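Single-letter residue listing:
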Amino acid sequence: MATSFKENLSSRTISPAGIITLPPAARQLLKFEKGQGKRVGITVEKDKVVIYPTATDKRPFKAVSARGLMKLNQAAGAILKSGHKGAGKYQVKLDEREGNVQLYPHH
């Protein structure tokens, strides 16, 4: 009998150093190859951080490890640490239609 685990996308934590872990479903949506890291595009909007599978001039790249570890810049880290239900708690939303991952502070 196989054991399956349900990912908790609604309650994740950012480290004090600004490092997050992208869950497997997010890495799959961002088109990661198994066992390989990737450069992704990231933008900081008013109330969220958006991660795209590719970088552009308006979306500078960030490196993500094969395990999904990613160090955020100060602006992105400040948004995710601004939640009311504990500093550093954030939610992950997978937008399959747009092909991006959105991170929101946990309110």
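Structure: see above.
Residues numbered from 1 in each chain as written. Predicted model: local features only at pLDDT ≥ 70, side-chain atom pairs only at ≥ 80, totals over all residues. Heavy atoms only, no water.

Novice: Explain the overall build of the protein to me, please; I cannot follow it from the model alone.
Specialist: When you go through the protein residue by residue, the secondary structure sums to 2 helices and 8 strands. For the protein, whose C-alpha radius of gyration is 13 Å, the value lies close to the compact-globule estimate of 13 Å for 107 residues. In terms of its C-alpha atoms, the protein occupies a principal-axis envelope of roughly 40 × 35 × 30 Å. Within the protein, the fraction of its 107 residues that count as buried is 40%. The contacts of the protein with a sequence gap of at least 6 include a subset with a gap of at least 24, amounting to 55%. Accessible surface for the protein amounts to roughly 6,900 Å². Of this, 52% is attributable to carbon and sulfur atoms. (Helix = DSSP H or I, 4+ residues; strand = E, 2+ residues; numbered from the N terminus. Rg over C-alpha atoms; globule rule 2.2 N^0.38 Å. Buried < 20%, exposed > 50% of the residue type's maximum accessible area, 1.4 Å probe, protein only. Contact = heavy atoms within 4.5 Å. Areas by Shrake-Rupley, 256 points an atom, 1.4 Å probe, with all protein chains shown as cover.)

Novice: I keep staring at unusual backbone geometry and nothing clicks. Help me out?
Specialist: Note: most residues except glycine have negative phi, and most peptide bonds are trans. A positive phi angle, close to 65°, is found at Lys 31, a residue other than glycine. On the secondary structure map, Lys 31 appears in the loop between α1 (24–29) and β3 (38–44).

Novice: Explanation requested: the pattern of salt bridges in the structure shown.
Specialist: When charged atoms on two side chains of opposite charge get close, those side chains can pair. Applying the stated criterion across every chain, the model contains 2 salt bridges. A salt bridge links Arg 97 to Glu 98; the shortest N-O distance between them is 3.8 Å. A residue is classified by how much of its surface remains accessible, and Arg 97, at 74% relative accessible area, is exposed. The class of Glu 98 is partly exposed, set by a relative accessible area of 49%. (Salt bridge = Lys/Arg side-chain N within 4 Å of Asp/Glu carboxyl O.)

Novice: When you look at the sheet that holds strand β4 (residues 49–52) in this model, what are you seeing that I'm missing?
Specialist: Within a sheet, neighbouring strands are paired by backbone hydrogen bonds and run either parallel or antiparallel to one another. Within the open sheet, the 6 strands sit side by side as β1-β7-β8-β4-β3-β5. Their pairing is antiparallel. Pairing within the sheet leaves two strands with one partner each, and these edge strands are β1 (12–13) and β5 (61–64). (Pairing = 2+ DSSP bridges.)

Novice: I keep staring at the packing of aromatic side chains and nothing clicks. Help me out?
Specialist: What describes a pair of aromatic rings is the distance from one ring centre to the other and the angle between the planes of the rings. The final tally for this structure, using the stated rule, is 0 aromatic pairs. The ring centre of Phe 61 lies 3.8 Å from the NZ or CZ of Arg 39, which sits over that ring. A cation over a ring is seen here: Arg 59 above Tyr 52, with NZ or CZ 4.0 Å from the ring centre. (Phe/Tyr/Trp six-rings, centres within 6.5 Å; stacked < 30°, edge-to-face > 60°. Lys NZ or Arg CZ within 6 Å of the ring centre and 35° of its normal.)

Novice: I would appreciate a short explanation of the pairing of β3 in the present structure.
Specialist: One face of the sheet, then the other: side chains in a regular strand alternate in exactly this way. Bridging between β3 and β5 involves 4 bridges; their strand directions are antiparallel. From the neighbouring strand, Arg 39 faces β5, where its bridge partner is Ala 63. Examined bridge by bridge, β3 and β4 share 4 bridges and lie antiparallel to one another. Along β4, the bridge assignment pairs Ile 42 with Ile 51. Remark: 4 residues form the turn of the hairpin made by β3 and β4, two consecutive strands paired antiparallel.

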